[in-house]
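Read off the chains here:
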Amino acid sequence: MRRIPPKQEGISLVLFVVALVIVSGTLMATTTRAWLGYKGAIRQGQARSARELAEAGSSRLIAELNKNYSHLLVIDKSDWGSAESTTGICPNDSTGVPATEDTEEVAIGDGRYSLINYTFDGAPFFGGTATIKVKGELLNGNTPISTSIIEQSIQIVPRNCD
C-alpha cells in the first residue's frame, strides 16, 4: 500500500468543499436574480394596471362631465359647489357634482379611481384648457397594491345647450 505524504492528507476534501461553496454561491445568486426578475415583472404589471385604472377613470369622468355636468367643465374643482352661480346650467344638466369626488372612490373591476384635481384655464363662454388629475389604485381585497396618478390636459370648446 502506498502512503500519502503528510502535506497532502485531506486536500481532496478541502478542494471538494471549496468547489461546493462556489457552486452553491453561484446557484443562489442565479436563483435570487431570477426571483427578483419575476417579482419585478409582477410589480410592473400591477403598475400598468393601476395606470389603466387611472386612465379609465379619467375617461369616465370626462364623459360624465361632458354629458351631465357640462357647466362644471369651465370652472375649477374647488368652485364646483357654487357652480350654478358662476356658470349657466343647461336645462338637461344635472345639479351637484359627479360621483368622482376625491372623497368618493369609484370601483372598476379589481381597482378604483378618484379625482384628485380639476383646473380650468380660460373663460366660461369662450372655452380654454382643463387639466385633470386622477389616481388609479389596483386592489387586493380592499388594500391598494399599486397606485398611479395621471395628469392630462384637454381642450374645452363652448357649445350651446341641446
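Placed above this text is the structure.
Heads up: these notes are all about the structure in this document. (Residues numbered from 1 in each chain as written. Predicted model: local features only at pLDDT ≥ 70, side-chain atom pairs only at ≥ 80, totals over all residues. Heavy atoms only, no water.)

### Focus on the nonpolar core
Next, step 1: Formed by 19 residues in total, the largest nonpolar core has its most connected members in L65, W80, Y118 and I156.
Next, step 2: Looking at this core, the elements with two or more residues in it are helix 1 (11–68), strand 2 (111–123), strand 3 (127–140) and strand 4 (143–156).
Next, step 3: Broken down by element, this core gets its largest block of residues, 4 residues, from strand 2. (Core = buried A, V, L, I, M, F, W, Y, C linked by side-chain atoms within 4.5 Å. Buried < 20%, exposed > 50% of the residue type's maximum accessible area, 1.4 Å probe, protein only. Helix = DSSP H or I, 4+ residues; strand = E, 2+ residues; numbered from the N terminus.)

### Looking at the packing of aromatic side chains
To describe a pair of aromatic rings, one takes the distance between the centres and the angle between the planes.
Next, step 1: For the structure on display, the rule yields 1 aromatic pair.
Next, step 2: Summarising the aromatic geometry, the rings of W35 and Y38 are spaced 5.6 Å apart at their centres and angled 40° between planes, so their arrangement reads as tilted. Remark: Y38 and W35 occur in helix 1; sequence separation between them is 3 residues, near one turn of the helix.
Next, step 3: Judged by relative accessible area, Y38 falls into the partly exposed class, the value being 47%. (Phe/Tyr/Trp six-rings, centres within 6.5 Å; stacked < 30°, edge-to-face > 60°.)

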